[in-house]
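Structure assessment
The chain contents come next:
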Amino acid sequence: MREEENLSELFWVYNSDMRLSITARVLFGFLAQTVVLIGAILLLITNQAAILEYISNVKEKLEPLALDVKDLVAELKDIEESAAKGSKDAVLKVWSRLPRMNLFDRLQVYLSTISAVSKFEACDANVRNSLNRASELLQELVAGDRVAGQFADILDRPNVRSNKEAMLLAWEKLGNALGASNEDEMRLINSRMQSVIRYIRSVCARAGQAVLEASREANNQIYSLRQRLSYLFVAVPVSACLIGLLVALVTFLGIQDLRRLAVVVERMGKGEVVKVDPSKYSGEVQVLASALNSLLSGLSEHEKNLEKKTEELMKAERLALVGRMASVVAHEVRNPLNSISLNVDLLKEMIKDVTKRAEAEKVLCAVEKEVERLGEITEEYLRFARLPKGSLGPCRLSSLVRATLDFMTGEFQSHGITVDAEIESESRVLADESQVRHALVNLFKNAIEAMPNGGKISVRVEEGDNRVVVTIRDTGCGIPEEFKPRLFEPFATTKPSGTGLGLAFVLQVMQECKGKVSVESTAGLGTTVTLEFVPYSGGD
């Protein structure tokens, strides 16, 4: 158990060279792929969120600011043109429109908007420079003193603190002049007001141009960010595919030794004797090859022991059969001997009487038949008892079947039996040719005896499931159901004059050939005998 745990740990993390095992390499590869994919997805989400926020700032703040500055410049130009006319009505129009403009409050809002957009991290240098330029221009109007300087000599209050305050005081003084119908003072203040408005309009126009440039730069930056995001959308699946290919390559290189080892195991499964060389493999596969080599050595030793024990068991079975055969032979031989003894006594009496010569010849014929029967019984029993260990070698089964059929053609014809042979395989098998021929003869004789009134024998030789199969089918009387469990028992027979050794002999031959024999039969319909042989592979 401890060795299995150590082996499991070895396969899981490190091999014998302290390198990562195949499992660990594949696992780490997939983990790396997962980490890269998650990182790429997070990067995409972050970039997309930044782009969306930047687009929101540009669309909701910067572009409306540029339009509002443009509108302010247009309003200032209209007021400037009204002031240029100089008439009382025109001056009154200027005086009434100035408060509604909220000029300096709007300028302050512009500065706040520009400051908020400039602080955005995604804002690049070009956009920020344009916004800073616009901010400086607007700051000059809000916090400068040029407007106050224009009105310094006409305002009653010294030390005006801001342009906004100066503009407010000038507006009040213009209103007083209009109310008092003081045309000289009205013209003077209107002239100064026209000059100030021209100046403010000029600065706002430049600031608006800077904001417009910033908006264009921002749109270009948004296009660039979107393009980069599209590249990321392409790069993520491409990188995932590349990492997947890398993992597949690492896995493929890692399992090459396993594939080679699998080929060796497959050859072993086909019955070939294969020697595994662990030095041809690397890593944990080398450990597996060593373990497999040890297993093969153990199986080979076990197979040798099993063959030895099987041979000893067969010898013991044959010794037991000898005893049974002795009693059977005594029983079988006793009846013919009694018949021979009686016939000999009759023959002695007949010899004394010359007139009974013909009857003497009949008695002699009967004695001869009984002697022949004794010889056949004795020969068959001895053949079964003395069956030698097969001399296994390459045997072309198709040629052997054809030769046996040709040998028994006369017997088939004399009993009115037709033969249908389909030989589809010319492969060689591992067998003892002499024993297999005798087994085939036994099977054909059984088929003939099962069809006393004639019939048909079908013989088929084919390949299937790593075996060469011979199928012999007859249309005879079949085998009774109750007798089937005893088919291969020695001396078990359903025929009055049978010895019961035919199928037992066939079974022994097939076991010697490392093959199989099976019988299927239905009473009244016929019998099918199947012989399965091992293909000859050139080994022992």
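Here's what I pulled together on the structure shown here. Just so it is clear, the structure is predicted and the values come from calculations on it, not from any experiment. Numbering of residues starts from 1 in every chain and runs along the sequence as written. Two thresholds apply to this predicted model, a pLDDT of at least 70 for residue-level local features and 80 or more for giving and counting side-chain atom pairs, whereas whole-chain, interface and lining totals are computed over all residues. To get the side-chain values, take all heavy atoms of the structure and skip hydrogens and water.

With respect to the overall build of the protein
Strands here mean DSSP runs of E at least two residues long; helices mean DSSP runs of H or I at least four residues long; both are numbered from the N terminus. When helices and strands are tallied, the protein shows 14 helices and 7 strands. Accessible area is worked out with a 1.4 Å probe on protein chains only. A residue is then buried under 20% of its type maximum, exposed over 50%, and partly exposed in between. The buried share of the protein, taken over its 540 residues, is 37%. For the protein, long-range pairs separated by at least 24 residues make up 71% of all intrachain contacts whose partners lie at least 6 apart in sequence. As presented, the protein carries roughly 31,600 Å² of accessible surface, and 55% of it is formed by carbon and sulfur atoms. Contacts are assigned to residue pairs with any non-hydrogen atoms lying within 4.5 Å of each other. In this description, accessible areas are obtained by the Shrake-Rupley approach with a 1.4 Å probe, and a residue is regarded as covered only by the protein chains that are shown.

Here we look at the packing of helix H13 (residues 433–450) against helix H14 (residues 502–512)
A fitted line through C-alpha atoms represents every axis, and for helices the fit uses only the stretch in contact; the resulting angles, taken between N-to-C directions, go from 0 to 180 degrees. Here H13 crosses H14 at 150 degrees, and the two axes come no closer than 9 Å. Relative to H14, H13 is oriented roughly antiparallel. For the pair H13 and H14, the crossing hand works out as left-handed. Across from Gln435, Val436, His438, Ala439, Asn442, Leu443 and Asn446 in H13, the residues of H14 making contact are Gly502, Leu503, Phe505, Val506, Val509 and Glu512. Residue classes in the contact of H13 with H14 are distributed as 7 nonpolar, 5 polar and 1 charged. By definition in this entry, angles of less than 35 degrees are roughly parallel, angles greater than 145 are roughly antiparallel, angles of 65 to 115 are roughly perpendicular, and the rest are oblique. By convention the crossing between two helices is left-handed if the near helix lies anticlockwise of the far one by an angle smaller than a right angle, and right-handed if it lies clockwise. Here the term charged refers only to Asp, Glu, Lys and Arg, the term nonpolar to Ala, Val, Leu, Ile, Met, Phe, Trp, Tyr, Cys and Pro, and the term polar to all other amino acids, Gly among them.

As for the environment of Ala447
Mapped onto the elements, Ala447 comes out in helix H13. With relative accessibility at 2%, the residue Ala447 sits in the buried group. Separated by 30 residues in the primary sequence, Ala447 and Cys477 place their C-alpha atoms 9.3 Å from one another. Contact partners of Ala447, with chain neighbours within four places excluded, come to Ile457 and Asp474.

Details of the sheet that holds strand E2 (residues 417–423)
Within a sheet, neighbouring strands are paired by backbone hydrogen bonds and run either parallel or antiparallel to one another. In spatial order, the strands read E2-E4-E5-E7-E6; together these 5 strands make up an open sheet with mixed pairing. The two strands at the open ends of the sheet, each matched to only one other strand, are E2 and strand E6 (516–522). Here the average twist between neighbouring strands, direction ignored, is 10 degrees. Whether two strands pair comes down to DSSP finding at least two bridges between them. The sheet contact formed by strand E5 (residues 468–474) and strand E7 (residues 526–533) spans 6 bridges and is antiparallel. From the neighbouring strand, Ile472 faces E7, where its bridge partner is Val529.

Some remarks on the pairing of E6
If a strand is regular, its side chains alternate between the two faces of the sheet. Pairing of E6 with E7, which is carried by 7 bridges, proceeds in the antiparallel orientation. By the bridge assignment, Val519 is partnered in E7 with Val529. What sits between the antiparallel neighbours E6 and E7 is a turn of 3 residues, in which Gly524 has the positive phi angle 90 degrees.

Observations concerning a nonpolar patch on the surface
Patches draw on residues past 30% relative accessible area with no salt bridge. Two like charges within 9 Å are joined, as are two nonpolar side chains (Val, Leu, Ile, Met, Phe, Trp, Tyr) within 5 Å. Salt bridges, as used here, are contacts in which a Lys or Arg side-chain nitrogen is within 4 Å of a carboxyl oxygen on Asp or Glu. On the surface, a nonpolar cluster with roughly 390 Å² of combined accessible area is contributed by Val234, Val238, Leu242 and Leu245. Relative to the assigned elements, Val238 resides in helix H8 (residues 183–269).

Concerning the pattern of salt bridges
A complete count under the given rule lists 15 salt bridges for this structure. A salt bridge links Arg106 to Glu75; the shortest N-O distance between them is 3.5 Å. Pair noted here: Arg106 is in helix H4 (residues 103–118) and Glu75 is in helix H2 (residues 22–85), with a separation of 31 residues, a long-range link. The buried category is assigned to Arg106, whose relative accessible area is 17%. With a shortest N-O distance of 2.8 Å, Glu424 and Arg460 are connected by a salt bridge. Taken together, the residues Glu424 in the loop between E2 and strand E3 (428–431) and Arg460 in strand E4 (residues 455–463) connect sequence positions 36 residues apart. Beyond isolated ion pairs, a larger network of salt bridges with shared partners links Glu422, Glu424, Arg460 and Glu462.

What about helix H7 (residues 163–180)?
Note on helix geometry: an α-helix contains 3.6 residues per turn, so any two residues three or four positions apart are oriented the same way. Multiplying 1.5 Å by the residue count of a helix minus one yields the expected span of that helix. With 18 residues, H7 extends 26 Å between its outermost C-alpha atoms, agreeing within 8% with the 26 Å of an ideal straight helix rising 1.5 Å per residue. All buried positions along H7 are accounted for by Asn163, Glu165, Ala166, Met167, Leu169, Ala170, Lys173, Leu174, Gly175, Ala177 and Leu178. Note on H7: the residue one or two positions beyond its end, Ser181, has a positive phi of about 60 degrees.

Quick look at the nonpolar core
Nonpolar cores were defined as sets of buried Ala, Val, Leu, Ile, Met, Phe, Trp, Tyr and Cys residues, with membership established by side-chain atoms within 4.5 Å. Counting 54 residues, the largest nonpolar core has Leu107, Phe151, Met167 and Ile200 as its most contacted members. Elements supplying a minimum of two residues to this core: H2, helix H3 (88–101), H4, helix H5 (125–143), helix H6 (146–150), H7 and H8.

Some words on H14
Counting buried positions along H14 yields 9 of 11 residues, so the element is predominantly enclosed. Taken together, the buried positions of H14 are occupied by Gly502, Leu503, Ala504, Phe505, Val506, Gln508, Val509, Met510 and Glu512. Positive phi shows up at Lys514, right after H14, with a value of about 60 degrees.

Points about the packing of H4 against H5
For any two helices packed against each other, the geometry comes down to the angle between their axes and how far apart the axes lie. Running from N to C, H4 and H5 point in directions that differ by 155 degrees, and their axes come no closer than 10 Å. The orientation of H4 relative to H5 falls into the category roughly antiparallel. Crossing of H4 over H5 shows left-handed handedness. The segment H4 lies against H5, with Phe104, Leu107, Gln108, Tyr110, Leu111, Ile114, Val117 and Ser118 engaging Arg128, Leu131, Asn132, Ala134, Ser135, Leu138, Gln139, Leu141 and Val142. Taken together, the residues of the contact of H4 with H5 break down into 11 nonpolar, 5 polar and 1 charged.

Some words on the environment of Ser458
One can find Ser458 in strand E4. Taking the C-alpha atoms as reference points, Ser458 and Ala421, separated by 37 residues in sequence, lie 5.9 Å from one another.

So far we have only geometry, and geometry alone does not tell us how the molecule works.
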